[in-house]
Amino acid sequence: MTDPNEALSRHTDYGIERLDESDLAGDPFAQFQLWLTEAAQRGVYEPNAMVLGTLDSAGILQSRTVLLRQIDERGFAFYTDRESRKGEAIAAHSGATLLFPWYSLHRQVLVTGTVDLVSDDESEAYWQSRPHGSRIAGTASRQSQPIASRTELEERVQALEMRYPEGTDVPRPERWGGYRVAPTRIEFWQGRTSRLHDRLVFTRADADAWSLERLQP
Ligand SMILES: Cc1cc2nc3c(=O)[nH]c(=O)nc-3n(C[C@H](O)[C@H](O)[C@H](O)COP(=O)(O)O)c2cc1C
């Protein structure tokens, strides 16, 4: 393909899969876990990648991809540098969105919720589970801050590798840790033929109860 207009004018028809109310697991976390497992089994690349939407202190929306690392009834957790651009936005506005774009399955999941810090113990446990190189990089990089050159960054990495050789403990920087999005709304979207898609939305009614609605496509 040499013409970008070819990509712009495609009309892919989204197949025969469906999402009926009767197919759903009893709660949205169980349903999410079912779809995440299927996404992994059916070969979605980075099935736990999600687009995190935040609002900065000037009211401007931001988005970027992060990896989901834990999911339970408390919510969806990811790990990052809390002094990054996203960290500043979350400090200004605790509302956030998560989008799982599983295009090859003709599915997406949209989560809306509020963000909280993951505890120090859990952040530490996750930091310890990361490969040595990722811990060095997370220490070397002040995420989202400008830097004069790639060389400067690589020099910082080399200095840290001398200080903390492979096999030794790389201490977790205080700024590095997790956030958890506690959902108030989770939408499951299944593409259907002729754009007559299925959209089923769980909305948190109270602490332990969810209501379910079908939306027009
Ligand atoms: C597939 C993928 C996974 C990513 N996972 C993470 C992640 O888990 N944590 C993270 O801090 N950045 C991750 N990033 C990088 C972010 O998208 C982003 O560039 C970085 O967090 C800085 O964002 P910010 O300046 O808005 O804070 C990932 C990027 C991609 C493409």
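What counts and what doesn't
Residues numbered from 1 in each chain as written. Predicted model: local features only at pLDDT ≥ 70, side-chain atom pairs only at ≥ 80, totals over all residues. Heavy atoms only, no water. Helix = DSSP H or I, 4+ residues; strand = E, 2+ residues; numbered from the N terminus. Buried < 20%, exposed > 50% of the residue type's maximum accessible area, 1.4 Å probe, protein only. Contact = heavy atoms within 4.5 Å. Areas by Shrake-Rupley, 256 points an atom, 1.4 Å probe, with all protein chains shown as cover. Lys, Arg positive; Asp, Glu negative; His and termini not counted. Charge placed at Lys NZ, Arg CZ, Asp CG, Glu CD. Core = buried A, V, L, I, M, F, W, Y, C linked by side-chain atoms within 4.5 Å. Pairing = 2+ DSSP bridges. Axes fitted to C-alpha atoms, helices over the stretch in contact; angles between N-to-C directions. Parallel < 35°, antiparallel > 145°, perpendicular 65-115°, else oblique. Left-handed = near helix turned anticlockwise from the far one by under 90°. Nonpolar A, V, L, I, M, F, W, Y, C, P; charged D, E, K, R; others polar. Near = heavy atom within 4 Å. Polar contact = N/O pair within 3.5 Å; in protein donor to acceptor, adjacent residues only side chain to side chain.

Undergrad: If you had to explain the overall build of the protein to someone new, which residues and values would you point to?
TA: Regarding its fold elements, the protein presents six helices and nine strands. For the C-alpha atoms alone, the extent of the protein along its principal axes is close to 60 × 55 × 40 Å. Among the 217 residues that make up the protein, the fraction classed as buried is 39%. Long-range pairs, those at least 24 residues apart, make up 64% of the contacts in the protein with a sequence separation of at least 6. Approximately 12400 Å² of the protein is accessible, and the part contributed by carbon and sulfur atoms is 51%. Separation between the mean location of the 25 positive side-chain charges and that of the 33 negative ones in the protein comes to 2 Å.

Undergrad: Can you lay out the side chain of Arg-172 for me, pointing to particular residues and giving the numbers?
TA: Within the secondary structure, Arg-172 is located in the loop between helix H6 (150-163) and strand E7 (176-190). Among the residues examined, Arg-172 registers a relative accessible area of 18% and is labelled buried. Excluding its chain neighbours within four sequence positions, the residues that come into contact with Arg-172 are Asp-120, Ser-123, Glu-124, Trp-127 and Gly-177.

Undergrad: Lay out the nonpolar core in plain terms, naming residues and giving numbers.
TA: Among the nonpolar cores identified, the biggest contains 31 residues, and Phe-32, Phe-76, Phe-100, Trp-102 and Val-109 are the most heavily contacted of them. Of all the secondary-structure elements, those providing two or more residues to this core are helix H2 (28-41), strand E1 (49-55), strand E4 (75-81), strand E5 (95-102), strand E6 (107-117), E7 and strand E8 (198-206). In terms of residue count, H2 provides more of this core than any other element does, five residues in total. Excluding anything up to four places from it in sequence, Phe-32 contacts Leu-68, Ile-71, Phe-76, Phe-100, Trp-102, Val-109 and Phe-188. Ranked by size, the runner-up nonpolar core spans eleven residues in total, among them Ala-77, Tyr-126, Ala-140 and Tyr-164.

Undergrad: Quick rundown of the pairing of strand E9 (residues 209-214)? Include the residues and the values.
TA: Alignment of E8 against E9, held across six bridges, turns out to be antiparallel. Residue pairing across strands places Asp-206 opposite Ala-209, the latter belonging to E9. Count of turn residues in the E8/E9 antiparallel hairpin: two residues.

Undergrad: How would you summarise the packing of helix H5 (residues 132-140) against H6 if you had to cite specific residues and measurements?
TA: Between H5 and H6, the least distance of the axes is 9 Å, while the angle of their chain directions is 125 degrees. Considered as vectors, H5 and H6 are oriented oblique to each other. When you trace H5 past H6, the crossing you get is right-handed. The segment H5 lies against H6, with Ile-136, Thr-139 and Ala-140 engaging Leu-153, Arg-156, Val-157, Leu-160 and Glu-161. For the contact of H5 with H6, the class distribution of residues is five nonpolar, one polar and two charged.

Undergrad: Please provide a residue-by-residue account of the environment of Phe-202, values included.
TA: Here Phe-202 lies in strand E8. In this structure Phe-202 comes out as buried when scored by relative accessible area, which is 4%. Between the C-alpha atom of Phe-202 and that of Asp-27, which follows or precedes it by 175 residues, the distance is 8.1 Å. Phe-202 has contacts with Leu-24, Ala-25, Gly-26, Asp-27, Pro-28, Thr-184, Arg-185, Ile-186, Phe-188, Trp-210, Ser-211 and Leu-212, leaving out every residue within four places of it along the chain.

Undergrad: Mind laying out the site of the ligand, listing which residues take part and the relevant values?
TA: By nearness alone, every residue bordering the ligand is listed as Arg-64, Thr-65, Val-66, Leu-67, Tyr-79, Thr-80, Ser-84, Arg-85, Lys-86, Gln-143 and Ser-144. Between the ligand and the protein, one listed contact pairs an oxygen atom with a side-chain N or O atom of Ser-84 at 3.3 Å. Between the ligand and Arg-85 there is a distance of 3.3 Å, counted from an oxygen atom to a backbone nitrogen or oxygen. Protein contact buries 64% of the 610 Å² of open area that the ligand shows by itself. Ranked by residue count, the leading element in the shell around the ligand is strand E2 (residues 61-67), at four residues. Here the residues of the shell around the ligand sort into three nonpolar, five polar and three charged.

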